[in-house]
Amino acid sequence: MDTTKKLLLIGNSNPSQVGDGFFIRRALPNRRYPNISPFLMLDHAEPTYFEPSEKPKGVDAHPHRGFETVTIVYDGALEHRDSAGNYGKLFAGDVQWMTAASGIVHEEKHEKEFSEKGGTLEMIQLWVNLPAKDKMSPPKYQDIRSADIPTVKTPDGKGKVRVIAGNFGDIKGAADTFTPVTILDVHLQEGGETNLHLEENTNTIIYILDGAARFNEEENAQTGTAAFFHAKGTDIHIKAEKDTKLLVLNGEPINEPVASYGPFVMNTQEEIVAAIHDFNAGKMGGIG
Ligand code: MN
């Protein structure tokens with residue numbers, strides 16, 4: 001029996017800008033393959049050099065409700081503060097898993113010293129949906145330091161996998177998730193190969209940050225593209241055609257209606273109207 005998860009398509013990402021500090025490619029959503037639950041959005045801030053700046057660049061205070069943001073720093077440093085008084089810094093290799101849930105107002109900036117010195121920044125921000133029953137739960141953070149992310153060598157020794165969430169073989173990831181989600185930060189040397197064994201009836205997207213990879217010995221995906229796989233089947237074979245950095249996203253779909261408007265992702269239009277009202281009424285707080 002063929003257990004391969006078949007490749008559906010390789011999607012391009014659109015260049016865009018978030019605030020004054022992030023020059024991104026938006027790989028998700030993709031209009032040709034919108035059904036990627038629980039994943040809502042994937043932005044890759046490609047390696048960008050920033051001149052020294054006294055005032056840290058980034059995104060000013062804005063709200064979120066109804067989902068989680070996952071920020072993975074590859075190079076440079078970020079600084080974060082929110083309406084609940086939380087404050088933190090993220091350096092290369094660190095992951096911030098923020099459960100916005102009932103609502104949070106936060107700002108996302110370059111870290112102060114990094115900003116003053118100037119340097120190259122690369123990061124990914126992923127939005128992961130929450131099931132209806134958890135959308136109005138209290139906000140929380142998982143600040144995951146690089147050293148706390150389990151790292152596994154691939155069997156051929158030509159690569160490594162950082163298990164951010166879910167599992168890779170017997171190794172369990174660092175983050176707690178509300179629904180089954182696997183996130184793997186994979187780095188393969190040229191010629192390196194690995195196999196993914198995933199659950200049946202799950203959505204899988206593999207985004208290439210840099211390099212080129214061949215999937216199931218078929219099609220080749222390049223830097224800045226995202227490969228979408230069929231829900232059926234369990235196995236994906238990856239071979240790196242050159243030194244390659246890629247991000248594996250796999251999750252059980254949340255089969256509930258989605259109503260979204262900017263930074264709010266709920267189940268109904270009424271809940272969106274309520275979110276806008278609550279934000280305007282200051283119920284998600286503010287940054288003083
Ligand atoms: Mn945000």
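Note that the coordinates shown come from a computational prediction; the quantities given were computed from them, not determined experimentally.

The rules we used
- All residue numbers refer to position in the chain's written sequence, counted from 1.
- This being a predicted model, a pLDDT of at least 70 is required before a residue's local features are given, and a value of 80 or more before pairs of side-chain atoms are given or counted; all residues contribute to the totals for chains, interfaces and linings.
- Just so you know, side-chain values use all the structure's heavy atoms and leave hydrogens and water out.
- In this text, buried Ala, Val, Leu, Ile, Met, Phe, Trp, Tyr and Cys residues form a nonpolar core when linked through side-chain atoms within 4.5 Å.
- Burial here depends on accessible area, computed with a 1.4 Å probe over protein chains only, as a share of the maximum for the residue type. Under 20% is buried, over 50% is exposed, and the range in between is partly exposed.
- Contacts are assigned to residue pairs that have any heavy atoms within 4.5 Å of one another.
- Both cavities and pockets are sets of points on a 1 Å grid over the protein atoms alone; in a cavity a 1.4 Å probe fits but cannot get out, in a pocket the set is open with protein on both sides within 12 Å along at least five of seven lines, and lining residues sit with an atom within 4 Å of a point.
- Grid points are joined across faces, edges and corners, and a volume is the space filled by probe spheres set on the points.
- The numbering of helices and of strands both runs from the N terminus, where a helix is a DSSP run of H or I of at least 4 residues and a strand a run of E of at least 2.
- As a working rule, the residues Ala, Val, Leu, Ile, Met, Phe, Trp, Tyr, Cys and Pro are called nonpolar, Asp, Glu, Lys and Arg charged, and the rest polar, with Gly in that last group.
- Pairing between two strands is assigned when DSSP locates at least 2 bridges connecting them.
- Between N-to-C directions, angles span 0 to 180 degrees; the directions come from axes that are lines fitted to C-alpha atoms, helices contributing only their stretch in contact.
- Any carboxyl oxygen of Asp or Glu that lies within 4 Å of a side-chain nitrogen of Lys or Arg is treated as forming a salt bridge with it.
- Sodium, potassium and calcium take a 3.2 Å donor cutoff, other metals 2.8 Å, and in both cases only N, O and S atoms count; water is not among them, so sites may look incomplete.
- Only rings of Phe, Tyr and Trp enter the pairing, Trp through its six-membered ring, and a pair is recorded when the two centres are within 6.5 Å. The plane angle decides the type: under 30 degrees is stacked, over 60 is edge-to-face, the rest tilted.

Trainee: How should I be thinking about the nonpolar core in this particular structure?
Mentor: The nonpolar side chains of a soluble globular protein tend to be buried, and buried together. Within the largest apolar cluster, 29 residues are counted, with the highest numbers of intra-cluster contacts made by F39, L42, I183, L247 and L249. With residues up to four places along the chain from it excluded, the contact list for L247 reads L42, I72, Y74, I124, I183, L184, D185, I205, I206, Y207 and L209. Ranked by size, the runner-up nonpolar core spans 23 residues in total, among them V152, V163, V186 and V248.

Trainee: Looking at this model, I keep getting lost on empty space enclosed by the protein. Mind explaining?
Mentor: Sizing a probe to match a water molecule and rolling it over the atoms shows the empty space that remains. Throughout the structure, instances matching the rule amount to one cavity of 30 Å³ or more. Computed from the structure, the largest cavity encloses a volume of approximately 60 Å³. Around the largest cavity sit F22, T71, L78, E79, H80, L90, Q96, E108, K109 and M123, which together line it. No other element matches strand β7 (residues 77-82), which puts three residues into the lining of the largest cavity. Here the lining of the largest cavity is composed, by residue class, of four nonpolar, three polar and three charged.

Trainee: Please clarify how the sheet that holds strand β23 (residues 235-240) should be interpreted in this entry.
Mentor: Strand pairing within a sheet occurs via backbone hydrogen bonds; the two strands may be parallel or antiparallel. With antiparallel pairing, the four strands of this open sheet are ordered in space as β18-β23-β20-β21. The strands lining the two open edges of the sheet, one partner per strand, are β18 (193-197) and β21 (220-222). Taken pair by pair, the neighbouring strands of this sheet meet at an average axis angle of 25°, ignoring direction. Across five bridges, β18 lies against β23 in antiparallel orientation. From the neighbouring strand, T194 faces β23, where its bridge partner is I238.

Trainee: Would you mind showing me how to read the pattern of salt bridges here?
Mentor: If charged atoms from side chains of opposite charge come close, those side chains can pair. Counted according to the given criterion, the structure contains 15 salt bridges. D43 is paired through a salt bridge with R26; the nearest N and O atoms lie 2.7 Å apart. In this pair, D43 is assigned in strand β4 (residues 39-50) and R26 in strand β3 (residues 22-28), connecting sequence segments 17 residues apart. Taking relative accessible area as the criterion, D43 reaches 5% and is therefore assigned buried.

Trainee: Would you explain the sheet that holds strand β24 (residues 244-251) in this entry?
Mentor: Taking strand neighbours across the sheet as the criterion, the seven strands line up as β1-β22-β19-β24-β17-β14-β13 in an open arrangement whose pairing is antiparallel. Two strands in the sheet have a free side with no partner beyond their single neighbour: β1 (7-11) and β13 (151-153). With direction set aside, neighbouring strand axes in the sheet form an average angle of 20°. As paired strands, strand β14 (residues 159-165) and strand β17 (residues 181-188) are joined by six bridges and run antiparallel to one another. For V161, the partnering residue across the bridge sits in β17 and is V186.

Trainee: I would appreciate a short explanation of the coordination of the manganese ion in the present structure.
Mentor: Four donors placed tetrahedrally around a metal ideally meet at 109.5 degrees, and six donors placed octahedrally ideally meet at 90 or 180 degrees. Within the protein, H62 (NE2), H64 (NE2), H106 (NE2) and E108 (OE) serve as the donor atoms for the manganese ion, at 2.1 to 2.3 Å. Look at where the donors of the manganese ion fall in the sequence and you get H-x1-H-x41-H-x1-E. One end of the pair, H62, is in strand β5 (residues 58-64); the other, E108, is in strand β10 (residues 104-110), with 46 residues separating them in the sequence. Each member of the pair, H62 together with E108, is buried.

Trainee: I tried to follow the pairing of strand β9 (residues 95-99) on my own but got confused; where do I start?
Mentor: The buried fraction of β9 amounts to five of the five residues, a majority that puts the element mostly inside the structure. Burial along β9 is two-sided: the residues V95, W97 and T99 and Q96 and M98 are all buried. Across five bridges, strand β6 (residues 67-75) lies against β9 in antiparallel orientation. By the bridge assignment, I72 is partnered in β9 with V95. Here five bridges tie β9 to strand β12 (residues 140-144), and the two strands are oriented antiparallel to one another. Residue T99 lies in a different strand from β12, and its bridge partner there is K140.

Trainee: Can you help me understand the packing of aromatic side chains in this one?
Mentor: Each pair of aromatic rings is reported with the distance of its centres and the angle of its planes. Counted according to the given criterion, the structure contains four aromatic pairs. Seen in terms of ring centroids, Y33 and F228 are 5.1 Å apart; in terms of plane orientation they differ by 90°. Their pairing is edge-to-face. Of this pair, Y33 sits in the loop between β3 and β4 while F228 sits in strand β22 (residues 226-229); the two residues are 195 residues apart in sequence, bridging distant segments of the chain. Take Y33 and F228: they sit in the same class, and that class is buried. Between F67 and W127 the ring centres are 4.5 Å apart and the planes differ by 35°, which places this aromatic pair in the tilted class. Taken together, the positions of F67 in strand β6 and W127 in strand β11 (residues 119-129) put the pair 60 residues apart, joining distant regions of the chain.

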